[in-house]
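Given next are the chains, with one letter for each unit.
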Amino acid sequence: MTGKPPLLHSLTKSDRDFMSLALHLGRRGLGRVAPNPAVGCVITKQGKIIGRGWTQPGGRPHAETEALLQAGTEAEGAKVYVTLEPCAHHGQTGPCAEALIKAGVSEVHVALKDPDARVAGRGIEMLEAASIVVALYEDDINILAAELNSGFLTLQHLKRPMVTLKIATDQNGMMRTPPGQDRQITGTLAQRRMHLMRAEHDVILVGRGTVEADNPSLNCRLPGLGSQSPMPAVATSQKTLPDDYVLSGHPDLILLNDISPLNMLKKLGQKGFTRVLLEGGPRLAKAFLNDNCVDEIVHFQSPNDFKDTSWPPEQSDLQLMGIENMSSQTKYSLSRLEIWSTDIANTVAAKEDAKDNVFFYRRVRPHFD
């Protein structure tokens, strides 16, 4: 690539707004495009959008192809905003950088370089060699673009998918309710939020204990998103599951016969998966945390305080996992808080503040060393 600096000094509010839209469009591909990245693209001319696109299911067509198809001949002289460097290699289709050059665009804004060895700056080089102005972002938008494709980046750098640990607890730090009580901890809206997370991941992983205790289906049960259910995976020493479990009949069920979380993830990475949702019990979560294999923690905390004569146990599930006090953690920092009204309240105190809090924690820095 040429030595000229990125055009950050000349970026306008409109530039950032269009790139922000591209980032939102890119999210539509999460959980649907592995092993490819989830990319968004917006094409504008004289300040108006003439084309937009995002990576399609299965990873193709790419976002730029979709946006150029909408823009048609109007793409000549247009500005392009894309969340990841346009590809420069020939695969099932030609390079997106080449398609942009042929369309005659005048300027391409790139939120993030592509670390894939087949690209790695060559897409930008191709554009600049064709006298197209390239603006490479190096600010908060660059960070957001990296977060959008943290799964793809993790697979490129660590040869494993990223892992999101999802946990739901009551005020006692328990992921379970007392024996004989309703098992649901959080309310309906929080449950729907959890299912949206499922739709945005390639694989959902639990342990054999969860299968035996809950006989889960592990699918996405949001209206219209059933087809985006993640691939179910079970960590177990057994080669098969008994026929009486729901998952035993799943045609794509993955059984991971390894005690090492890292080895499990390497196997999933070899299959091209980029995003794994870990929904098992506290012991499986502890194993992944101890192996430094958790990239994001999403904690759904209910206002309820479930108690019984022998409940809660002396050690909570959060204590077992070693994350009972996230404010003292050095690996993770709070990135977002969501608050959802709940229809489950088992005490007067809970009813007075009937909200499910959802805490999102990310690694302080990407674990790409």
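Residues numbered from 1 in each chain as written. Predicted model: local features only at pLDDT ≥ 70, side-chain atom pairs only at ≥ 80, totals over all residues. Heavy atoms only, no water.

Some thoughts on the packing of aromatic side chains
Our working rule: Here a pair means two rings of Phe, Tyr or Trp (six-membered ring of Trp) with centres within 6.5 Å. Their orientation is stacked below 30 degrees between planes, edge-to-face above 60, and tilted elsewhere. The helix and strand labels rest on DSSP assignments: H or I over at least four residues marks a helix, E over at least two residues marks a strand, and numbering proceeds from the N terminus. Accessible area is worked out with a 1.4 Å probe on protein chains only. A residue is then buried under 20% of its type maximum, exposed over 50%, and partly exposed in between.
What the rule picks out here adds up to two aromatic pairs. Centroid distance F18 to Y81: 5.4 Å. Interplanar angle 45°. Geometry classified as tilted. Remark: Y81 occurs in strand β3 (residues 79-82) and F18 occurs in helix α1 (residues 13-27); sequence separation between them is 63 residues. Relative accessible area serves as the criterion here: at 1%, Y81 is assigned to the buried category. With 6.4 Å between their ring centres and 20° between their planes, F359 and Y361 make a pair best called stacked. Classification of F359 as buried rests on a relative accessible area of 17%.

Looking at the pairing of strand β7 (residues 203-207)
For clarity, the threshold we go by: Any two strands between which DSSP finds at least two bridges are classified as paired.
Taking burial as the measure, the five residues of β7 include five buried ones, the bulk of the element. Burial along β7 is two-sided: V203, L205 and G207 facing one way and I204 and V206 facing the other are all buried. Across five bridges, β7 lies against strand β8 (residues 231-235) in parallel orientation. For G207, the partnering residue across the bridge sits in β8 and is A235. The pairing of β7 with strand β10 (residues 275-278) spans three bridges and is parallel. Residue pairing in the sheet places L205 in a bridge with L278 of β10.

Notes on the environment of A111
Selection rule: What makes two residues a contact is simply this: any of their non-hydrogen atoms within 4.5 Å.
Positionally, A111 belongs in the loop between β4 (107-110) and α4 (122-129). The spacing of A111 and R193 is 82 residues in sequence and 28 Å in space, taken between C-alpha atoms. Beyond its immediate sequence surroundings of up to four residues, A111 is in contact with M19, V82, T83, Y137, I141, N142 and A145.

Some remarks on unusual backbone geometry
Geometrically, the link from A34 to P35 is a cis peptide bond, its omega value of 5° lying close to zero. Relative to the helices and strands, P35 is located in the loop between α1 and β1 (40-45). For the bond from R60 to P61, the omega torsion is -5°, close enough to zero to count as cis. Among the secondary structure elements, P61 is positioned in the loop between β2 (48-54) and α2 (63-71). Even without a glycine there, the phi angle at K159 is positive, about 60°. Residue placement: K159 occurs in the loop between α6 (150-158) and β6 (162-169). For N292, which is not glycine, the phi dihedral falls at a positive 60°. Tracing the sequence through the fold places N292 in the loop between α10 (282-290) and β11 (296-301).

Remarks on the sheet that holds strand β9 (residues 254-256)
The line we're drawing: All axes are obtained by fitting lines to C-alpha atoms, using only the stretch in contact for helices, and the reported angles, taken between N-to-C directions, cover 0 to 180 degrees.
With respect to topology, eight strands assemble into an open sheet ordered β9-β8-β7-β10-β6-β11-β13-β12, the strand pairing being mixed. In this open sheet, the two strands that pair with only one neighbour each are β9 and β12 (332-341). Direction aside, the axes of adjacent strands within the sheet are offset by 20° on average. As judged from the six bridges shared by β6 and β11, these two strands associate in the parallel manner. When the bridges of β11 are listed, A168 appears paired with F300.

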